[in-house]
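Spelled out, the chains give:
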Amino acid sequence: MNIINQKTGWIEVICGSMFSGKTEELIRRIRRAEYAKQEVMVFKPNIDNRFDKDNIVSHSQMRAASVSIAQASDIYAYLKPDTKIIAIDEAQFFDESIVGICNDLADQGYRVIVAGLDQDFRGEPFGSMPQLLAIAEYVTKNLAICMVCGNPANRTQRTVKQDEQILVGSTESYEARCRNCHEVYQ
Ligand SMILES: [Zn+2]
C-alpha cells in the first residue's frame, strides 16, 4: 500500500471468483485497522445471511462483526463520529447507487474497502463491480484454484441448473473454475 496523506479518502476493491479469499482479505485489512485503533464499520447486503446475520464470515471461518443493510444509502445512518474505515462485503448484490455512495464516502475522507464477485456464474461482469473497479484507487484481484484442473481460476462455476443471477445460500452449488473448465449451461 502506498503512503496516502491523512484526511484523504480512497476506495479499495478486492474482487475475484468464489473461493479466491476475498472475504479473508477484507477481514485481514479490517483486523490491521483495528490493531491501529481505527474505527471500522462493516456492512453487507441483507440478501446474504447464509452463515450469520451479524458477521461477515469467510469460508475459513474468519469473521468480523457487520451490519446487514438493504441498500448502500443505509450506510450513512450507521456511521459514528470516529468512523475511519467503511468495509463492504458482497458488493455485487447492491444496486448501482453503491457507486456514487462509495465515491461520496471517499470524498468525505473515509477509507472505503469493497469486496465482491467481479463475475457472475456466466462469466459476465456482476452488478456494479465494473464501475467500482474503474473508480477505485486500489484494486486487488484474487484468483482461486480451478477445482477441475488446478489452474489459476477467475470464474465461478454453478454446479446446479438454475438461471437466476443471484442464488445465495449454498456454497456447495459453486466451484472455482479456470477459463478452460468454466461452462455455462444453456
Ligand atoms: Zn481448469
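Quantities reported herein were computed from a predicted structural model and do not represent experimental measurements.

Analysis parameters
- Residues numbered from 1 in each chain as written.
- Predicted model: local features only at pLDDT ≥ 70, side-chain atom pairs only at ≥ 80, totals over all residues.
- Heavy atoms only, no water.
- Helix = DSSP H or I, 4+ residues; strand = E, 2+ residues; numbered from the N terminus.
- Rg over C-alpha atoms; globule rule 2.2 N^0.38 Å.
- Buried < 20%, exposed > 50% of the residue type's maximum accessible area, 1.4 Å probe, protein only.
- Contact = heavy atoms within 4.5 Å.
- Salt bridge = Lys/Arg side-chain N within 4 Å of Asp/Glu carboxyl O.
- Phe/Tyr/Trp six-rings, centres within 6.5 Å; stacked < 30°, edge-to-face > 60°.
- Lys NZ or Arg CZ within 6 Å of the ring centre and 35° of its normal.
- Donors = N, O, S within 2.8 Å, 3.2 Å for Na, K, Ca; no water.
- Tetrahedral: all angles 85-135°; square planar, octahedral: opposite > 155°, others 65-115°.
- Disulfide = S-S within 2.5 Å.

A. Main features of the overall build of the protein. For the protein, the count of helices and strands is four helices and twelve strands. Taken over the C-alpha trace, the protein has a radius of gyration of 16 Å; the compact-globule value for 186 residues is 16 Å, and the two agree within 12%. Seen along its three principal axes, the alpha-carbon backbone of the protein occupies a region of about 50 × 30 × 30 Å. Scored against the burial criterion, the 186 residues of the protein give a buried share of 49%. Summarising the internal contacts of the protein: among those between residues at least 6 apart in sequence, 71% fall at separations of at least 24.

B. Looking closely at the pattern of salt bridges. Following the criterion strictly, the structure yields nine salt bridges and no others. For Lys-53, the salt bridge goes to Asp-54, with nearest N and O atoms at 3.5 Å. For Lys-53, a relative accessible area of 49% corresponds to the partly exposed category. Taking relative accessible area as the criterion, Asp-54 reaches 44% and is therefore assigned partly exposed. Each of the salt bridges in this network shares a partner with another, and the network as a whole consists of Glu-12, Glu-25, Arg-28, Arg-29 and Arg-111.

C. Up close: the packing of aromatic side chains. A full pass over the atoms with the stated rule returns two aromatic pairs. When the ring of Phe-93 is compared with that of Phe-126, the centres are 5.9 Å apart and the planes differ by 85°; the resulting orientation is edge-to-face. Of the two residues, Phe-93 is situated in the loop between strand S6 (83-88) and helix H3 (97-107) and Phe-126 in the loop between strand S7 (111-117) and helix H4 (129-135); the sequence distance between them amounts to 33 residues. Across the pair, Phe-126 and Phe-93 agree in class, each one buried. Sitting above the plane of the Phe-121 ring, Arg-158 keeps its charged end 3.7 Å from the centroid.

D. Just the coordination of the zinc ion, in detail. Taken together, Cys-146 (SG), Cys-149 (SG), Cys-178 (SG) and Cys-181 (SG) make up the protein donors of the zinc ion, found 2.3 to 2.4 Å from the metal. Coordination at the zinc ion is tetrahedral: its four donor atoms span angles of 102 to 119° at the metal.

E. Focus on H3. Regarding H3, the residues found buried are Ile-98, Val-99, Ile-101, Cys-102, Leu-105 and Ala-106. If you follow the buried residues of H3, they end up packed against strand S1 (10-16), helix H2 (75-78), S6, S7 and H4. Residue Gly-109 follows H3 closely and has a positive phi angle near 110°.

F. View of the state of the cysteines. Tallied over the full model, the rule gives zero disulfides. Here Cys-15 stays free of any disulfide, with the sulfur of Cys-102 as its closest cysteine sulfur at 14 Å. For Cys-15, a relative accessible area of 0% puts it in the buried group.

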